[in-house]
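Now for the letters of each chain:
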Amino acid sequence: MNKRDFIKSAAVMAGVSAITPFATVSGKNKTPSAAAQQKSKVSLKKALVFGMIQDKGSLTDKFKIARDAGFDGVELNSPTDLSLTDLLQAKRNAGIELPSVINKDHWSKPLSDPDQQIRQQCIESVIKSMHEVKELGGDTVLVVPGVVNEKVSYEQAYITSQSAIRELIPHAEKTGVQIALENVWNNFILSPVEAKRFIDELNHPLVGWYFDIGNVLRYGWPEHWIHTLKSRIMRLHIKEFSRENMNSKGLREGFKVELLEGDNNWPVVMKAVRDTGHKGGWLTAEVPGGDLTHLKKISALMDKIISFL
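Residues numbered from 1 in each chain as written. Predicted model: local features only at pLDDT ≥ 70, side-chain atom pairs only at ≥ 80, totals over all residues. Heavy atoms only, no water.

## Thoughts on the overall build of the protein chain
Okay, step 1: Along the backbone of the protein chain there are eleven helices and eight strands.
Okay, step 2: Here the contacts in the protein chain between residues at least 6 apart in sequence split such that 77% fall between residues at least 24 apart.
Okay, step 3: Looking at the protein chain as shown, the accessible area adds up to about 15700 Å², and 52% of this sits on carbon and sulfur atoms. (Helix = DSSP H or I, 4+ residues; strand = E, 2+ residues; numbered from the N terminus. Contact = heavy atoms within 4.5 Å. Areas by Shrake-Rupley, 256 points an atom, 1.4 Å probe, with all protein chains shown as cover.)

Put into structure tokens, the structure is as follows:
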């Protein structure tokens, strides 16, 4: 080795030492600092869909029932027939949040429809939902990405729905509102690997997943989806499902079971949520509703599930 090579080699070794000082067989420096070891705490507020509040009172009365039952937020259908002024007043009166909305036109006028005019109607509806949720103080619109049926092929739905979502992205950027795509029984995007790919191909921070924990039990395990989708999950819907009911009584009978009494392995599901460092902040119930007493029961069951984090 000549002098120049020796100096170069010594410089490289010095750089390695600077990066990993005192690295020895004992491995003392392989132990991360206490700060690095501490995982960020996952925090989930509780919400429920508006239709679960079965009371004939005013908007304020309904929102107060949700608050008294232990919920922090209410998820509305949108575009709404209700006055935004009235909703904001009821929100203030009840001391509750309106963090997200469910677009109400994505089934009847899906983003995957072969008819461009129908797709455009859905696009315009989602744009309106974006503006509504922003005005209400929220930041997320739930959207079903597409529907596969006898007349719409899987491949066609995939290409068309992605194209429609790309048209929505400039509006998401303008409003700062997230487009959260939900897994539903639409014969479309049936695996977590495909869901991950679908989001990654759209490649935008304001497009992600609204993961429904109960919907997936028909053909999978929610913890698998959570581990695959990771930070792509923007929001979480919670419901229960019984495969035994599905097999013995009929497909949709699977939903007719209380939280903690179905096939969700909640400690495992919540561990997946914790392990992936979920940042969405909300767990929203989408189950049969009722009066204050019934909603308190649902809220308590959700507390038990959240305790597994």
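Moving on from the coordinates now.
## Topic: the nonpolar core
Okay, step 1: Membership of the largest hydrophobic core comes to 84 residues, with the highest contact counts inside it found for Phe-63, Val-74 and Leu-181.
Okay, step 2: With residues near it in sequence (within four places) discarded, Leu-181 still touches Val-143, Pro-145, Ile-165, Phe-198, Ile-199, Leu-202, Val-207, Gly-208, Trp-209 and Tyr-210.
Okay, step 3: Formed by five residues, the second largest nonpolar core is a distinct cluster that contains Trp-185, Leu-217, Phe-241 and Phe-255. (Core = buried A, V, L, I, M, F, W, Y, C linked by side-chain atoms within 4.5 Å. Buried < 20%, exposed > 50% of the residue type's maximum accessible area, 1.4 Å probe, protein only.)

## Digging into the packing of aromatic side chains
Okay, step 1: Tallied over the full model, the rule gives nine aromatic pairs.
Okay, step 2: Centre to centre, the rings of Tyr-158 and Phe-188 are 6.4 Å apart; their planes meet at 90°, and the pair counts as edge-to-face. In this pair, Tyr-158 sits in helix α6 (residues 154-175) while Phe-188 sits in the loop between β5 (178-182) and α7 (192-202), placing the two residues 30 residues apart along the sequence.
Okay, step 3: Seen in terms of ring centroids, Tyr-158 and Phe-198 are 5.1 Å apart; in terms of plane orientation they differ by 85°. Their pairing is edge-to-face. You can see Tyr-158 sitting in helix α6 and its partner Phe-198 sitting in helix α7, a full 40 residues away along the chain. Accessibility assignment for this pair places Tyr-158 and Phe-198 in one class, buried.
Okay, step 4: Every member of this aromatic cluster is reached through a ring pair, and the members are Tyr-154, Tyr-158, Phe-188 and Phe-198. (Phe/Tyr/Trp six-rings, centres within 6.5 Å; stacked < 30°, edge-to-face > 60°.)

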